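Observations on the model geometry
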Amino acid sequence: MKVVSFGSLNYDLSIWLDRLPGPDETLRAQRMEAFSGGKGANQATAAAQLGATAPMVGCVGDDDRGRWLLDVLNGNGVDTSLVRVVEEPTGTAVPLITAADVSIVIVAGANASTGVADADAAAQVIASADVLLLQGEVGAAGARRAAQAARSGGTTVVFNPAPVDPFLVEAVAPLTDILVMNRAEQAQVAAIGPDTSQCETIITLGSRGAQLDDVLVPSYPADVVDPTGAGDAFCGALGVALAEGLALIEAVRFANAAGALAVATPGAQPSMPTRSAVESLLDGHR
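Residues numbered from 1 in each chain as written. Predicted model: local features only at pLDDT ≥ 70, side-chain atom pairs only at ≥ 80, totals over all residues. Heavy atoms only, no water.

1. Observations concerning the packing of aromatic side chains
To be explicit about the condition: Ring geometry is summarised as follows: Phe, Tyr and Trp rings, the Trp one being its six-membered ring, pair when their centres sit within 6.5 Å, and such pairs are stacked at plane angles under 30 degrees, edge-to-face over 60 and tilted between the two. Elements are defined by DSSP. Helices are runs of H or I of four residues or more, strands are runs of E of two residues or more, and each kind is numbered from the N terminus. Think of it in three bands: with a 1.4 Å probe and only protein chains considered, a residue is buried below 20% of the maximum accessible area for its type, exposed above 50%, and partly exposed in between. Criterion for a charge above a ring: Arg CZ or Lys NZ at most 6 Å from the ring centre, at most 35 degrees from the ring normal.
This model, assessed by the stated rule, comprises 2 aromatic pairs. A ring pair is formed by W16 and F35, whose centres lie 6.4 Å apart and whose planes are at 70°; its orientation type is edge-to-face. Taken together, the residues W16 in strand 2 (residues 10–16) and F35 in strand 3 (residues 31–37) connect sequence positions 19 residues apart. For the pair shown, W16 and F35 are each scored as buried. Sitting over the face of the ring of W16, R31 holds its NZ or CZ atom 3.8 Å from the ring centroid.

Here's what the structure looks like:
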């Protein structure tokens, strides 16, 4: 199995709060921790943890944070040979975590440099892969070129348009095979109005599971510690299941299990579950 991720790498500063601040309000945080993150890197980590060969395509800065992110990815079995080091500082994300949800602020940094040249450098790797994972934290031109490389090789394109960028959605959606969104993203994408007639669409519903056409695929019980990265665990696991040849509804069940496990551990990449953990959860609910 080869599952390629074309996307972002971020240094996450996660902050736990009783609630989000209001206008002109200063709050004391419960705690703060640094984690390896970025939607692209998270999904690559998820795929690697679940047994796939997982090349990562993206950019980091020539700084301590970027070097640390690469070390973590390499330690998790992700192939970072296609990650480019640039002059811009490594991207940063600040997840604001409450008992109810997580809100995330991102600063693109080096991720803004990920573009057509990176897609071209990875074109053969993408075309020879089973699945390409795309997200919304890099530019439209590079993501579109990566999707075109996937199309040329018959590689399945899974697109998670988060955060939603109109230019990226219009560029990538027509080349997408499977579109993964939550309800808010679904509304934003509908307002943009790209051609998605060729796509299978999956709507993630948090603790309820995921909607595939008119079928609700239920999730699994979970003890929520930090929901950061749960959607990325879902997408990475979906890519692995599709690469293994599972039917789409079975792939969604597999992805639901990965997402449920991810919320039990703080941080994005540290929460990506192992293959044995996912299979154990599935076996317990057959």
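2. Structural notes on the sheet that holds strand 2
By definition, the strands of a sheet pair up through backbone hydrogen bonds, in either a parallel or an antiparallel sense. Here is the rule we go by: When DSSP finds two or more bridges between a pair of strands, those strands are recorded as paired. Axes here refer to lines fitted to C-alpha atoms; in helices the fit is confined to the stretch in contact. Angles between the N-to-C directions go from 0 to 180 degrees. A contact between two residues is defined here by any heavy atoms of the two lying within 4.5 Å.
Taken together, the 4 strands give an open sheet; going across it, the order is 3-2-6-7, and neighbouring strands pair in mixed fashion. Edge positions in the sheet fall to strand 3 and strand 7 (102–107), since each of these pairs with one other strand and no more. The sheet shows a mean angle of 20° between the axes of neighbouring strands, direction not considered. Here 5 bridges tie strand 2 to strand 6 (residues 91–97), and the two strands are oriented parallel to one another. Residue pairing in the sheet places I15 in a bridge with L96 of strand 6. Across the sheet, helix 2 (residues 64–75) lies against strand 2, strand 3 and strand 6, angled at about 65° from strand 3, the strand it touches most.

3. Topic: helix 8 (residues 230–243)
Stated formally: Take the number of residues in a helix, subtract one, and multiply by 1.5 Å to get its expected span.
For helix 8, spanning 14 residues, the distance from its first C-alpha to its last is 20 Å, which sits close to the expected 20 Å at 1.5 Å a residue. In terms of burial, helix 8 is largely enclosed, as 13 of its 14 residues are buried. Note on helix 8: the residue one or two positions beyond its end, G245, has a positive phi of about 90°.

4. A short note on helix 1 (residues 39–49)
Counting buried positions over the 11 residues of helix 1 gives 10, a clear majority of the element. All of the buried residues in helix 1 are K39, G40, A41, N42, Q43, A44, T45, A46, A47 and A48. G51, located one to two residues past helix 1, shows a positive phi value of around 105°.

5. Digging into the sheet that holds strand 12 (residues 209–212)
Taken in spatial order, the 9 strands make up an open sheet running 5-4-1-8-9-10-11-12-13, and their pairing is mixed. Of all the strands in the sheet, just strand 5 (78–86) and strand 13 (215–218) have a single pairing partner and so form its edges. When the angles between neighbouring strand axes are averaged without regard to direction, this sheet yields 20°. Two elements, strand 1 (residues 3–6) and strand 4 (residues 54–61), share 2 bridges in a ladder whose sense is parallel. Opposite S5, over in strand 4, you have M56 as the bridge partner.

6. Side note on the layout of surface pockets
A probe as big as a water molecule, rolled over the atoms, marks out the empty space that is left. This is how it is decided: Think of a 1 Å grid over just the protein atoms. A cavity is a set of points where a 1.4 Å probe fits yet cannot get out, a pocket is an open set with protein on both sides within 12 Å along at least five of seven lines, and lining residues have an atom within 4 Å of a point. Grid points are joined across faces, edges and corners, and a volume is the space filled by probe spheres set on the points. Charged residues are taken to be Asp, Glu, Lys and Arg, nonpolar residues to be Ala, Val, Leu, Ile, Met, Phe, Trp, Tyr, Cys and Pro, and polar residues to be all remaining types, Gly included.
Approximately 170 Å³ is the volume found for the second largest pocket. Every residue along the wall of the second largest pocket is listed here: Y220, L246, E250, R253, F254, L282, H285 and R286. Among the elements that make up the lining of the second largest pocket, the one with the highest residue count is helix 9 (residues 248–262) (3 residues). When grouped by side-chain class, the residues that make up the lining of the second largest pocket number 4 nonpolar, 1 polar and 3 charged.

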